[in-house]
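# Analysis of the macromolecular model
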Amino acid sequence: MMTSMLLLGLAALVYGAIYFVVSRLIFRPLRYPGGKWHTQEELGAQDVWLRTSDGLRLHAWFLEAPGSRLVTMYLKGNGANLTNRPGHLREITAAGSSVLILDYRGYGKSEGRPTERGLYRDAEAGYDHLIGMGYEPGQIVVLGESLGSAVAVDLVCRRPCAGLTLECPFTSLSAMAGTIVPLAGRLFASGYNTRHKIAAVHAPLLIIHGDRDRTVPHAMGRALFEAANEPKSFWTVEGATHVDLVQVAGPLYRARLQAFYE
């Protein structure tokens, strides 16, 4: 009896440890005032407030690229908040597109608590705001980074756009959990099944992935690319990890975006 209780207790501890590790994959928000808010003035970003279909108020920034007919909706990864991507924002606008970057619910100044379905609603709110600004679907490029890649694919399955760019994308949350806790990890995570959803995407696709990414393996980006429809292209940034694509790629990053926008 004592042995059985010890085994049950050990199993519970193992389950709890695995669940904690896997849960850390999903959301790591940084609430205001945490973040690099001084970059707003440096970037010339305008505050934007969005309302989701379930009534939450979200915060976003809009950066205008003068003379551009395109706008990129930037769906960021799972960490920090919108203030920690100044390099991306500068390069997107320099490549010829205005950009809207939003903070998901529970991040930065946005209300609420992040959930998978909630993030999908947040992306819809951003898209609807751009339509309200006068942009046509054929002028909207959706860019998803890491966790945001899953949100971007879900959105583009349901809303038309000019193009889709994915940075360091993963195939599913279950597969990601399996890379951290082999075999058992898949039992503790589900959702964000990007590989399944991408079959419904027919917009031009660009996938960018670093070959030294230890967070989301480069092979996952390739697997997603293989499952996607044409037209599509894949760019491996040699020497880049999960967080330094722009820095490692240097001027080539802007050139790739310009080519994709054109």
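As the structure is a prediction and not an experimental result, all values here were calculated from the model. (Residues numbered from 1 in each chain as written. Predicted model: local features only at pLDDT ≥ 70, side-chain atom pairs only at ≥ 80, totals over all residues. Heavy atoms only, no water.)

With that settled, consider the sheet that holds strand S9 (residues 205-210). Read from one edge to the other, the open sheet built from eight strands follows the order S2-S3-S6-S4-S7-S8-S9-S10, with strand pairing classed as mixed. Edge positions in the open sheet fall to strand S2 (46-51) and strand S10 (232-237), since each of these has one partner strand only. Ignoring strand direction, the axes of neighbouring strands in this sheet form an average angle of 20°. Note: strand S3 (residues 57-63) against strand S6 (residues 98-102), four bridges, orientation antiparallel. Paired with Phe62 across the two strands is Leu100, which belongs to S6. Contacts from helix H3 (residues 86-94) reach S3, strand S4 (71-75), S6, strand S7 (140-145) and strand S8 (163-167) within the one sheet, and its direction differs from that of S6 by about 155°. Helix H4 (residues 116-132) rests against S2, S3, S4, S6 and S7 of the sheet, and its axis sits at about 165° to S4. (Pairing = 2+ DSSP bridges. Helix = DSSP H or I, 4+ residues; strand = E, 2+ residues; numbered from the N terminus. Axes fitted to C-alpha atoms, helices over the stretch in contact; angles between N-to-C directions. Contact = heavy atoms within 4.5 Å.)

The next thing to look at is helix H10 (residues 251-261). Those residues of H10 not exposed but buried are Tyr253, Leu257, Phe260 and Tyr261. Along the long axis of H10, the arc covered by the buried residues comes to 100°, so they all point the same way. Across H10 from its buried face, at more than 90 degrees, point the exposed residues Pro251, Leu252 and Ala259. (Buried < 20%, exposed > 50% of the residue type's maximum accessible area, 1.4 Å probe, protein only. Arc of directions from axis to C-beta.)

Taking burial as the measure, the five residues of S4 include five buried ones, the bulk of the element. Neither face of S4 is exposed, since Val71, Met73 and Leu75 on one face and Thr72 and Tyr74 on the opposite face are all buried. Note that S4 and S6 share four bridges and pair parallel. Within S6, the residue paired with Thr72 across the bridge is Val99. Where S4 meets S7, five bridges bridge the pair, whose relative direction is parallel. From the neighbouring strand, Met73 faces S7, where its bridge partner is Val142.

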